Amino acid sequence: MFKFYLYKIGQYIVNLLPLSLSYRFAMFVSDLQCTFSFRDHRAVRNNLRTILNTDKNLEPLVREVFRNFGKYLVDFFRMDKNMNMQFIQENVKVENLDYIKKALERGKGAIIITAHIGNWELGAVAVSVLGYPLMAVALPHKERPVNDLFNHQREVKGITVVPSNVAVRKCIDTLRNNKLVALVADRDFTLHGEVLDFLGRKAFIPKGAALFSIKTGAPIVPCFMTRNPDDTFVLSLEQPIVPPLEIKETIAQDALIKVMRQYTDVIENKIRQFPTQWLMFREFWAA
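The present account deals with the structure reproduced in this document. (Residues numbered from 1 in each chain as written. Predicted model: local features only at pLDDT ≥ 70, side-chain atom pairs only at ≥ 80, totals over all residues. Heavy atoms only, no water.)

**Here we look at the sheet that holds strand β9 (residues 233-237)**
Inference 1: Strand order in the open sheet formed by seven strands is β1-β9-β8-β2-β5-β3-β4, with mixed pairing between adjacent strands. With partners counted over all chains shown, the strands left at the sheet margins are β1 (92-95) and β4 (160-163), one partner each. Between one strand axis and the next, the sheet turns by 25° as a mean value, whatever way the strands run.
Inference 2: The sheet contact formed by strand β3 (residues 134-138) and β4 spans four bridges and is parallel. If you follow Met135 over to β4, its bridge partner there is Thr160.
Inference 3: Helix α10 (residues 208-216) contacts β2 (110-114), β5 (180-184) and β8 (220-227) of the sheet and is inclined by roughly 165° relative to β2. (Pairing = 2+ DSSP bridges. Helix = DSSP H or I, 4+ residues; strand = E, 2+ residues; numbered from the N terminus. Axes fitted to C-alpha atoms, helices over the stretch in contact; angles between N-to-C directions. Contact = heavy atoms within 4.5 Å.)

If you want it as structure tokens, here you go:
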């Protein structure tokens, strides 16, 4: 329960303060975490070393990753009250939203994939507020109160949250009803993913998006919510990835890898573009 009360206190503080002070408070706490959480600090530094292919002057970038995570939490805990059409009009530049409409015109639903970049939670809510409600697959938190807290933040703005351990049937049904499913596609929590080259090294990559796409014919639409220096955002959508025309119950490995490689390339490019907004606090690569 300690983590739950910690989050609740943080939520109370950031909703009590003006946004600018909330960000300052979050950055102060993030600087403490950066200094004293040695394991997280080492993981972030190693990730940046791989992304940038250098050992030089990484400490300022490491600290920026921690601060961006603090800001992510501020935005997440404020979004149930603040995320609406007015917020989007004033703070979010939306690029290529019509790609979702284009994907849905095929009649097979669409899979929105993103990564732990910028504020993926805020991005999912923005898509919903803009007229495309979606079902998001989320890894359940170990503590039930924390899980309920996070899911409330998502569901209050029209997102349907499905735990990852019971998601397969619901994802397929949602897509067959020509609706949206959202998946985070850069981290495999099960070790049942595929090992692919990712930013120059081997990593386990989730294969759910590719499996659902090939099985149902649903296009994959990469979508990212990245932060600008002034703490406004860009919600950018990429060209839909269309699976093979023939829908197959038995999926060949080469077809699976081909689709995975397409969206993994998009994620790699986005991480290289925004390395300090990739909020990955673990040793990521398999080898």
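**Description of the side chain of Ser213**
Inference 1: By the secondary structure assignment, Ser213 is in helix α10.
Inference 2: Residue Ser213 is classed as buried on the basis of its relative accessible area, which comes to 0%.
Inference 3: When neighbours within four sequence positions are excluded, Ser213 is seen to be in contact with Ile111, Ala218, Ile220 and Pro243. (Buried < 20%, exposed > 50% of the residue type's maximum accessible area, 1.4 Å probe, protein only.)

**Some details on the pattern of salt bridges**
Inference 1: This model, assessed by the stated rule, comprises 17 salt bridges.
Inference 2: Residue Glu59 is joined to Arg45 by a salt bridge in which the shortest nitrogen-to-oxygen separation is 3.0 Å. Remark: Arg45 occurs in helix α3 (residues 38-52) and Glu59 occurs in helix α4 (residues 59-82); sequence separation between them is 14 residues.
Inference 3: Across the pair Lys270 and Glu238 runs a salt bridge whose closest N-O atoms are separated by 3.8 Å. On the criterion of sequence distance, the pair formed by Lys270 in helix α11 (residues 253-273) and Glu238 in the loop between β9 and α11 is long-range, its members being 32 residues apart.
Inference 4: Among the ionic contacts, a cluster of salt bridges with common partners joins Lys71, Asp75, Arg227 and Asp231. (Salt bridge = Lys/Arg side-chain N within 4 Å of Asp/Glu carboxyl O.)

**So, the packing of α10 against α11**
Inference 1: Between α10 and α11, whose axes approach to 9 Å, the crossing angle comes to 120°. With respect to each other, α10 and α11 are oriented oblique. In the crossing of α10 with α11, the sense of the turn from one axis to the other is right-handed. Listed contacts from α11 to Ala209, Ala210, Leu211 and Ile214 of α10 are Ala255, Leu256, Val259, Met260 and Tyr263.
Inference 2: A class-by-class count of the residues in the contact of α10 with α11 yields nine nonpolar, no polar and no charged. (Parallel < 35°, antiparallel > 145°, perpendicular 65-115°, else oblique. Left-handed = near helix turned anticlockwise from the far one by under 90°. Nonpolar A, V, L, I, M, F, W, Y, C, P; charged D, E, K, R; others polar.)

**A word on the packing of aromatic side chains**
Inference 1: Counted under the stated rule, the structure contains 15 aromatic pairs.
Inference 2: Their ring planes at 75° and their centres at 5.2 Å tell us that Tyr7 and Phe150 sit as a pair that is edge-to-face. Of this pair, Tyr7 sits in helix α1 (residues 2-16) while Phe150 is found in helix α8 (residues 144-155), placing the two residues 143 residues apart along the sequence. Comparing Tyr7 with Phe150, the two get one shared label, buried.
Inference 3: A centroid spacing of 5.0 Å and a plane angle of 75° characterise the contact between Trp278 and Phe284, whose relative ring orientation is edge-to-face.
Inference 4: Directly above the ring of Tyr23 sits Lys71, whose terminal nitrogen or CZ lies 5.4 Å from the centroid. (Phe/Tyr/Trp six-rings, centres within 6.5 Å; stacked < 30°, edge-to-face > 60°. Lys NZ or Arg CZ within 6 Å of the ring centre and 35° of its normal.)

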